[in-house]
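Residues per chain are reported as follows:
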Amino acid sequence: MDYQLVYIVSDARSGSTLLDILLSKNPKIASVGELHWSHQYFNGNYFKDKINKNLCSCGKVVTECDFWEKVENELNKGDESLKSLESLTIFPASRFKRFWMCLNLFFFPNSKNIFEKEKNEKVIHNSIKIHKAVAKVANTPIILESSKESERAKYFDYKLKDNVKFIFLYRDGRGVAYSKMKRGISLFVASMSWVNFTLRQLIIERSISKEKRIFISYDELCLNPKTVLEKIQRFIGIDGDFQEQKHFIHNLGGSPYRFSQKEIRIARDDKWRSELKPFERIWLNILTFIPNFLIK
Ligand SMILES: [Zn+2]
């Protein structure tokens, strides 16, 4: 194997971009970010939000970034290209279908035929081609990916076996829901999507062997970043000396502060504790009670 993969599994608004940036400061790690969007990025139609639109974290449009140009040249040697590698998102896209599939995995943990096998094997195969090209260009032994999807993690687990490690990042459902609501999502959708994702994440986590996964809490990461990062680096098997200097990252997707090349300020976002309205608080306390208990 040409590289080792480290994959972050988390819901949206749970600190995955922060963790990705912090880990990328280690010179042995190259981050590809949310690689599952690469087809959209390189074909110029990533329109999920106006800030992220087709931009690499270095601030250039991905097709004009020197780093990705080198990755493209590397892929061209094998007659591949970033544009032509098809969508790297796991099938099916529906959260509800994924939930039923994860329930299947919960009851039949050894079943390898649970997700749309043929299509997803291709997705993973194409993703690995990009990982290898990036590892070569960046000259690093470790690739970090923060696509976050838990089913994608399971496929990497099947395919890469001992060459992959997983970071399961969890955040209190009330904080995640509040953060999603601030972005215009309704209370119902924001809370239900977190419950759905977290239950799937827990099932997938437990289906992966213990030495290949680590549990990280968003609160702990924000309150004691140095301790948490050193713990993760030990888990990955690299030096624990956490680098503080400015660092340019060439990756895809994530929160807009990925564009800031200055030193990032690590602060726990806990506005939900004071800003939730009484009804929202009651709803979220009830709905998130069990999953929040499971991730403590
Ligand atoms: Zn770039």
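What you are looking at is a predicted structure, and each value in this text was computed from that prediction instead of being measured.

Participant: Describe in detail the overall build of the protein, supporting the description with residues and values.
Facilitator: The number of helices and strands found in the protein is 12 helices and 5 strands. In terms of overall size, the protein behaves like a compact globule, its C-alpha atoms giving a radius of gyration of 18 Å where 296 residues would be expected to give roughly 19 Å. Projecting the C-alpha coordinates of the protein onto the three principal axes gives extents of approximately 60 × 45 × 40 Å. Across the 296 residues in the protein, those meeting the buried criterion constitute 42%. Contacts in the protein between residues far apart in sequence, at least 24 positions, make up 78% of those at least 6 positions apart.

Participant: Hey, could you go over unusual backbone geometry for me, with residue numbers and the actual values?
Facilitator: Note the cis peptide between F91 and P92, where omega equals -15 degrees. With respect to the secondary-structure elements, P92 resides in the loop between α3 (66-76) and α4 (95-107). Phi at N139 takes a positive value of approximately 55 degrees, unusual for a residue other than glycine. Here N139 lies in the loop between α5 (117-138) and β3 (142-148). The exposed category is assigned to N139, around which 9 C-beta atoms lie within 10 Å. We note that K161 has phi near 50 degrees; this positive angle belongs to a residue other than glycine. Here K161 lies in the loop between α6 (150-160) and β4 (164-170). By C-beta crowding, K161 is classed as exposed, having 11 other C-beta atoms within 10 Å.

Participant: Go over the nonpolar core with me, naming the residues and quoting the values.
Facilitator: Ranked by size, the top nonpolar core spans 61 residues in total, and within it Y7, V9, V71, V134, I143, I167 and L169 carry the most contacts. Sort the elements by how many residues they give to this core and α5 lands first, with 7 residues. Residues within four places of V134 in sequence aside, it is in contact with A30, V32, V71 and I143. Among the nonpolar cores identified, the runner-up in size contains 10 residues, and V176, A177, F197 and L276 belong to it.

Participant: Which residues make up the pairing of strand β2 (residues 29-33), and what values go with them?
Facilitator: By the criterion of burial, β2 is predominantly enclosed, with 5 of the 5 residues buried. Of the two faces of β2, the one lined by I29, S31 and G33 and the one lined by A30 and V32 are each fully buried. Summarising the sheet, β2 and β3 pair through 4 bridges and their orientation is parallel. What sits directly across from A30, in β3, is I143.

Participant: Hey, could you go over helix α12 (residues 278-294) for me, with residue numbers and the actual values?
Facilitator: Over its 17 residues, α12 runs 24 Å from end to end, which matches the ideal 24 Å to within 8%, given 1.5 Å per residue. Every buried residue of α12 is listed here: L284, T288, P291 and N292.

Participant: Go over helix α7 (residues 173-182) with me, naming the residues and quoting the values.
Facilitator: Within α7, 9 of the 10 residues are buried, leaving the element largely enclosed by the surrounding structure. Buried positions along α7 lie against α8 (187-207), α11 (272-275) and α12. Positive backbone phi, approximately 95 degrees, marks G184, located one or two places after α7.

Participant: Would you mind going over the sheet that holds β2 in detail, with residue names and values included?
Facilitator: Across a sheet, strands are paired by hydrogen bonds formed along the backbone, either parallel or antiparallel in direction. Overall, parallel pairing links the 5 strands, which are arranged β2-β3-β1-β4-β5 in an open sheet. The open sheet terminates on both sides in strands that have one partner only, identified here as β2 and β5 (213-217). Across the sheet, the mean angle separating the axes of adjacent strands is 20 degrees when strand polarity is ignored. Sheet analysis places strand β1 (residues 4-9) next to β4, joined by 5 bridges and oriented parallel. Its bridge partner lying in β4, V9 is registered against F168. Relative to β1, α6 is tilted by about 160 degrees, and along the sheet it contacts β1, β3 and β4.

Participant: Describe in detail the packing of α4 against α8, supporting the description with residues and values.
Facilitator: Orientation of α4 relative to α8, taken along the N-to-C sense of each, is 30 degrees, at an axis distance of 10 Å. One way to sum up the angle between α4 and α8 is to call them roughly parallel. The handedness of the crossing between α4 and α8 is left-handed. Residues R95, R98, F99, C102, L105 and F106 of α4 pack against S193, N196, R200, I203, I204 and S207 of α8. When the residues that make up the contact of α4 with α8 are grouped by side-chain class, the tally is 6 nonpolar, 3 polar and 3 charged.

Cut-off values and rules
Residues numbered from 1 in each chain as written. Predicted model: local features only at pLDDT ≥ 70, side-chain atom pairs only at ≥ 80, totals over all residues. Helix = DSSP H or I, 4+ residues; strand = E, 2+ residues; numbered from the N terminus. Rg over C-alpha atoms; globule rule 2.2 N^0.38 Å. Buried ≥ 20, exposed ≤ 12 C-beta atoms within 10 Å, placed from the backbone. Contact = placed C-beta atoms within 7 Å. Core = buried A, V, L, I, M, F, W, Y, C linked by C-beta atoms within 7 Å. Pairing = 2+ DSSP bridges. Expected span 1.5 Å × (residues − 1). Axes fitted to C-alpha atoms, helices over the stretch in contact; angles between N-to-C directions. Parallel < 35°, antiparallel > 145°, perpendicular 65-115°, else oblique. Left-handed = near helix turned anticlockwise from the far one by under 90°. Nonpolar A, V, L, I, M, F, W, Y, C, P; charged D, E, K, R; others polar.

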